[in-house]
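# Residue-level structure breakdown
In case you want the letters, here they are:
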Amino acid sequence: MSGAGPRTVICLLRHDLRYHDSQVLHWAQNNADYIIPLYCFDPRQYLRTYYYGFPKTGPHRLKFLLESVKDLRQTLKKKGSNLVVRKGNPEDVVHDLITQLGTVAAVAFHEEVTKEELDVEKALQRVCAQHGVKIQTFWASTLYHRDDLPFSHISRLPDVYTQFRKAVEAQAKVRPTVQMADQLKPLAPGVEDGCIPVPEEFGQKDPLTDPRTAFPCSGGETQALMRLQHYFWDTNLVASYKETRNGLIGIDYSTKFAPWLALGCISPRYIYEQIRKYEKERTANQSTYWVIFELLWRDYFRFVALKYGTRIFLLKGLQDKEVPWKKDPKLLDAWKEGRTGVPFVDANMRELAATGFMSNRGRQNVASFLTKDLGLDWRMGAEWFEYLLVDYDVCSNYGNWLYSAGIGNDPRENRKFNMIKQGLDYDSNGDYVRLWVPEIQCVKGGEIHTLWALSNADLSEAGIALGETYPLPVVLAREWSRHIKQRPNKRDHPPRGRKDPSDTPRQHKDRGVDFYFSRNKDLS
Ligand code: FAD
């Protein structure tokens, strides 16, 4: 850095809304006299999704983001600094700040990997070059540092997760978190901190909190660290994660770290250090390892995005595969609104719309249903998730959707989830469906998953008129019939609903998802 006067560094914060383990703030602390931690509400993030035009940022994520920004401002104030907040394109805001301050030594930020974020980085480079300001970047979003990957070049990243995992576990190390100062260097004089916007400025309202939500948490680093304290140290839940992680109801079946990770309120390396500490001081078992295993999936999808660039958004996916995807808006609406007539799918889709969250088990199922049972363009699903998920992360979302659609990193051909078997395996008594699909709650037990196979008498006893009070299934996959309980005298009519063209009454011979579960324990 040049110049004789005080050195000012602008730290542009993006998906790194935290103080702990912040390489950007750490570097600035050692290299500046004044630090401007800056967050910009980029208006482009509040427009429409690329192909299907859903709102790009839904109400639950916006609320969570606003809470995270407020929390960081509080934290930085305690550190003798503040968070400067602006509404505007980061490159324009940075330009204005440099112009206002006269001299700025550097603009520092953590690197991202996907197009919109890289476009911002390019624009910042142009602005900084114009003003003769240095750019300082860091890699921080993953557990393993990009430079520590045991592959000669990112193009050599394996296309199969297990190969990636085994290589990094054997040959790479997670770097330690950086130790932050108690007090941060002050803001440059004359810089206004700026107001944190309200949802109405984005044409939104604060969403109501649904009492059934599995994610009743607020945004911000403080809450993220408290969640870890609760999940690890206060309750030891982490020690049974592997057994509970496929749950559907309540907050504690999984870590719920994802929303905070997505905004960077918690550092993956901090989680890693805490797991190692927990393993030393309490217990090390398959569950504690499995949290790391899942965090590695998150790493993997980020590196996949780095390898494939904009291909992660393309219809043909990473495999450049032609699939005759449909674009039927009625089927899409039924899926989005939880009106497909398949109770397990509908329950999950309604949970997502009402709360911004859905379990991993649910996500895998509704994604398989959209792509494999309905045959709809996978990007319809990916963009709907982009709109609604409180933990939306571009790499994890598109990576998982590509995977579910069979055009990403799944080495197996034609994997398809069986909605009925999944419902019966993970919601055997139907409690989850009853929670989210109240109009069918009078059906007792697991039979709620296959309403169309109930007798007219059972249906009317439960107050259900199929096709009127609850939809007939929009599709019937033939493998579902294997899981319908045969009850003599009860089935006084044949199964109803629109049939899959390939549907036949005979027993389906495919091994389907049974094969997946019995053979491959590696996948989440
Ligand atoms: P836990 O089960 O407690 O897992 C711990 C952490 O591991 C998570 O917080 C997450 O960071 C990581 N993780 C777990 N599973 C995966 C996975 N399959 N891929 C990547 N990371 C994983 N996750 C997101 O963070 N953002 C998304 O936008 C997103 N979209 C998804 C879309 C689809 C179609 C599917 C099938 C999965 C998606 N996931 C996404 C992955 C996963 O469902 C969520 O990370 C998880 O449900 C969040 O809950 P949790 O934090 O309690 O997870």
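Thresholds applied
- Residue indices begin from 1 for each chain and proceed along its sequence in written order.
- Where totals are concerned, whole chains, interfaces and linings use all residues; where local detail is concerned, this predicted model gives features only for residues with pLDDT of at least 70, and gives and counts side-chain atom pairs only at 80 or more.
- Side-chain measures were taken over the full set of non-hydrogen atoms in the model, leaving aside hydrogen atoms and water.
- Cavities and pockets were defined on a 1 Å grid built from protein atoms only: a cavity is a group of points that admits a 1.4 Å probe but offers it no way out, a pocket is an open group of points flanked by protein on both sides within 12 Å along at least five of seven lines, and a lining residue is one with an atom within 4 Å of any such point.
- Grid points are joined across faces, edges and corners, and a volume is the space filled by probe spheres set on the points.
- Here a strand is any run of E in DSSP of at least two residues, a helix any run of H or I of at least four, and the numbering for each starts at the N terminus.
- Nonpolar residues are Ala, Val, Leu, Ile, Met, Phe, Trp, Tyr, Cys and Pro. Charged residues are Asp, Glu, Lys and Arg, and all others, Gly as well, are polar.
- For our purposes a nonpolar core is just a set of buried Ala, Val, Leu, Ile, Met, Phe, Trp, Tyr and Cys residues, chained together by side-chain atoms within 4.5 Å.
- For every residue, the accessible area obtained with a 1.4 Å probe (protein chains only) is divided by the maximum for its type, and the residue is called buried under 20%, exposed over 50%, and partly exposed between those limits.
- Contacts were defined at the residue level, with two residues in contact if any of their heavy atoms lie within 4.5 Å.
- Two strands pair under a simple rule: DSSP has to find at least two bridges between them.
- The path from the first strand over the helix to the second decides the hand: if it runs clockwise while the strands point away from the viewer, the crossover is right-handed.
- If a single non-hydrogen atom of a residue is within 4 Å of a molecule or strand, that residue counts as near it.
- Here a polar contact is taken to be a pair of N or O atoms separated by no more than 3.5 Å, where protein atoms must pair a possible hydrogen donor with a possible acceptor and residues adjacent in sequence count only if both atoms sit in side chains.
- Each accessible area is a Shrake-Rupley estimate made with a 1.4 Å probe; only the visible protein chains count as cover when residues are assessed.
- Should more than half of a molecule's atoms lie within 2 Å of a pocket's or cavity's grid points, that molecule is taken to sit in it.
- Note on definitions: angles span 0 to 180 degrees between N-to-C directions of axes, and those axes are lines fitted to C-alpha atoms, for helices only across the stretch in contact.
- Handedness of a crossing is defined here by the sense of rotation of the near helix relative to the far one, left-handed for an anticlockwise turn of less than a right angle and right-handed for a clockwise turn.
- The working definition used for a salt bridge is a side-chain nitrogen of Lys or Arg within 4 Å of a carboxyl oxygen of Asp or Glu.
- What counts as a ring pair is set by centres within 6.5 Å for rings of Phe, Tyr and Trp (its six-membered ring), and what kind of pair is set by the plane angle: stacked under 30 degrees, edge-to-face over 60, tilted for all other angles.
- Look at NZ for Lys and CZ for Arg. If either is within 6 Å of the ring centre and within 35 degrees of the ring normal, a charge sits over the ring.

### Concerning empty space enclosed by the protein
Within the structure shown, the criterion is met by 2 cavities of 30 Å³ or more. If you go around the largest cavity, you meet 46 residues; those closest to its centre are Ala258, Glu294, Asn360, Arg363 and Asn400. Elements with a minimum of two residues in the lining of the largest cavity: helix 8 (258-263), helix 10 (286-308), helix 13 (360-373) and helix 15 (394-405). Classifying every residue of the lining of the largest cavity gives 20 nonpolar, 14 polar and 12 charged. Here the second largest cavity is characterised by a volume of approximately 40 Å³.

### Describing the nonpolar core
Counting residues in hydrophobic clusters, the biggest one holds 147 residues, and the most contacted among them are Phe164, Phe232, Trp335, Phe369 and Trp480. Ranked by residues supplied to this core, first place goes to helix 10 with 13 residues. Discounting chain neighbours no more than four positions away, the residues touching Phe369 are Trp335, Thr340, Val342, Val345, Leu374, Met419, Val474, Val475 and Trp480. Core analysis: the next-biggest nonpolar cluster, separate from the first, contains 21 residues, Leu12, Leu97, Cys128 and Val133 among them.

### Brief notes about the pairing of strand 2 (residues 34-41)
Most of strand 2 sits out of view: 7 of its 8 residues are buried. Inspection of the sheet shows strand 1 (residues 8-13) paired to strand 2 by 6 bridges, in the parallel sense. Its bridge partner being in strand 2, Leu13 is matched across the sheet by Tyr39. With respect to chirality, the unit in which strand 1 leads through helix 1 (residues 23-31) into the neighbouring parallel strand 2 is right-handed. Two strands pair when backbone bridges link them, and strand 2 and strand 3 (residues 84-87) are joined in this way by 4 bridges, in the parallel orientation. The residue of strand 3 that forms the bridge with Leu38 is Val84.

### Re the site of the ligand
Around the ligand, 27 residues are found, and the nearest of them are Tyr241, Ser254, Thr255, Lys256 and Asn360. For the ligand, an oxygen atom lies 3.1 Å from a polar atom in the backbone of Phe257. For the ligand, a nitrogen atom lies 2.9 Å from a polar atom in the backbone of Asp391. Expressed as a share of its isolated accessible area of 810 Å², the protein-covered part of the ligand is 98%. When each cavity is represented as a set of grid points, the ligand is found to reside in the largest cavity. Broken down by secondary-structure element, the contributors of at least two residues to the shell around the ligand are helix 8, helix 10, helix 13 and helix 15. The leading source of residues in the shell around the ligand is helix 10, at 5 residues.

### Quick word on the packing of helix 13 against helix 14 (residues 378-388)
The N-to-C vectors of helix 13 and helix 14 enclose an angle of 145°; their axes lie 8 Å apart at closest approach. As for the relative orientation of helix 13 and helix 14, their crossing is right-handed in sense. Between helix 13 and helix 14, the residues in contact are Arg363, Val366, Leu370 and Thr371 and Trp378, Gly381 and Phe385, respectively.

### What to know about the sheet that holds strand 3
Spatial ordering of the open sheet is given by 3-2-1-4-5, a layout of 5 strands whose pairing is parallel. With partners counted over all chains shown, the strands left at the sheet margins are strand 3 and strand 5 (134-138), one partner each. The average angle at which neighbouring strand axes cross in this sheet is 25°, direction not considered. Together, strand 1, strand 4 (106-110) and strand 5 form the strand contacts of helix 4 (residues 115-131), whose direction differs from that of strand 4 by roughly 170°.

### Examining unusual backbone geometry
In this model, Asp21 sits at a positive phi of 45°, which is unusual for a non-glycine residue. Relative to the helices and strands, Asp21 resides in the loop between strand 1 and helix 1. A relative accessible area of 2% means that Asp21 is categorised as buried. Of note in this structure, Asn236 is not a glycine but carries a positive phi near 60°. Structurally, Asn236 can be placed in the loop between helix 6 (221-234) and helix 7 (241-244). Judged by its relative accessible area of 32%, Asn236 is partly exposed.

### Description of the pattern of salt bridges
Pairing between side chains of opposite charge can happen when their charged atoms approach one another. Summed over all chains, the structure comprises 36 salt bridges. The shortest N-O distance in the salt bridge between Arg276 and Glu279 comes to 2.6 Å. Of this pair, Arg276 and Glu279 are both found in helix 9 (residues 268-281), 3 residues apart, which corresponds to roughly one turn of the helix. Residue classification places Glu279 among the buried residues on the basis of a relative accessible area of 16%. Each member of the salt-bridge network shares a partner with another, and the members are Asp42, Arg44 and Glu91.

### Some points on the environment of Gly203
With respect to the secondary-structure elements, Gly203 resides in the loop between helix 5 (161-171) and helix 6. Sequence separation between Gly203 and Pro59 is 144 residues; the distance between their C-alpha atoms is 9.7 Å.

### A closer look at the side chain of Ser22
Structurally, Ser22 can be placed in the loop between strand 1 and helix 1. On the basis of relative accessibility, which here comes to 1%, the residue Ser22 falls in the buried class. For Ser22, the contacting residues outside a window of four places in its chain are His110, Val178 and Met180.

### Re the packing of aromatic side chains
Tallying each qualifying case throughout the model produces 38 aromatic pairs. Where Tyr289 meets Trp290, the ring centres are 6.0 Å apart and the plane angle is 80°; that geometry is what we call edge-to-face. Residue Trp290 is classed as buried on the basis of its relative accessible area, which comes to 8%. Taken together, Trp139, Phe151, Tyr161, Phe164, Tyr289, Trp290, Phe293, Trp297, Tyr300, Phe301, Phe303 and Tyr403 form an aromatic cluster joined through their ring pairs. When the ring centre of Trp290 is taken as origin, the NZ or CZ atom of Lys242, which lies over that ring, is 4.6 Å away.

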